[in-house]
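Inside the fold
Residue-level listing of the chains:
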Amino acid sequence: LERSRYAGLHLLSPATLACPEWSPAHKQKEACDAATAAAESVVDVLNADIGRIWVNEQRIEGQMRHLQAQTAHLATQARAWVSMYHEFHQSLKALGDVENWAHVIEQDVLIVSATVDAVHGRPAGVPLETEAASQDADGQLLYTPMRSVQSTPNQ
């Protein structure tokens, strides 16, 4: 009865231990092969991830170089705009100076005109209708007032 119970089992015997499939060297080689296959599988997965990371890094570096070029261009434009602004500002200041100069000259001319009117006996601020220009014997221009225009009030 005992034999029938173990009839389907292979018991270890010196013959089975001599089989190359059961030898420790064979088991060690199988373990090494399995570990190598597992490591290669893990390395392949990691390499795929690293490959994607490398591609992303290259893409980011390209975008960074493009952004640096755009930033440099923008800085150049900003410097040009600041320079144009300063030139415009200086022109406005000069225009203000010219306007002030014209106002001063206008005041001086009004003073001179009032003085001339006072010398000729005309009321101040009454414009001449016409002036005749003539030349003397030496060719110098002589201005002679013709008559003054009286301003009339509006009706």
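Every value quoted in this text rests on a predicted model; they were computed, and no experiment measured them. (Residues numbered from 1 in each chain as written. Predicted model: local features only at pLDDT ≥ 70, side-chain atom pairs only at ≥ 80, totals over all residues. Heavy atoms only, no water.)

In terms of regular secondary structure, the protein is built from three helices and two strands. Counting from the amino terminus, helix and strand elements in the protein follow one another as α-α-α-β-β. Across the 155 residues in the protein, those meeting the buried criterion constitute 2%. Nonlocal contacts in the protein, meaning residues at least 24 apart in sequence, comprise 5% of its contacts between residues at least 6 apart. (Helix = DSSP H or I, 4+ residues; strand = E, 2+ residues; numbered from the N terminus. Buried < 20%, exposed > 50% of the residue type's maximum accessible area, 1.4 Å probe, protein only. Contact = heavy atoms within 4.5 Å.)

Another point: the pattern of salt bridges. For the structure on display, the rule yields two salt bridges. For the salt bridge of Asp-33 with Lys-29, the shortest nitrogen-to-oxygen distance reads 3.1 Å. Of this pair, Asp-33 and Lys-29 both sit in helix α3 (residues 24-120), separated by four residues, roughly a single helical turn. Among the salt bridges present, the one from Arg-52 reaches Asp-49, with a minimum N-O distance of 2.1 Å. Of this pair, Arg-52 and Asp-49 both sit in helix α3, three residues apart, roughly one helical turn. (Salt bridge = Lys/Arg side-chain N within 4 Å of Asp/Glu carboxyl O.)

For α3, spanning 97 residues, the distance from its first C-alpha to its last is 140 Å, which sits close to the expected 144 Å at 1.5 Å a residue. Count one or two residues on from α3 and you reach Gly-121, which has phi positive near 85°. (Expected span 1.5 Å × (residues − 1).)

With that out of the way, let us pick up the confidence of the model for the protein. When pLDDT drops low, the exact placement of atoms in the prediction is not to be read closely. Of the residues in the protein, 63% have a pLDDT of 70 or more, and the chain-wide mean is 76. In this model, residues 146-151 is a region of pLDDT below 50 whose contacts with residues beyond four sequence positions or in other chains number 16 contacts. (pLDDT = per-residue confidence, 0-100.)

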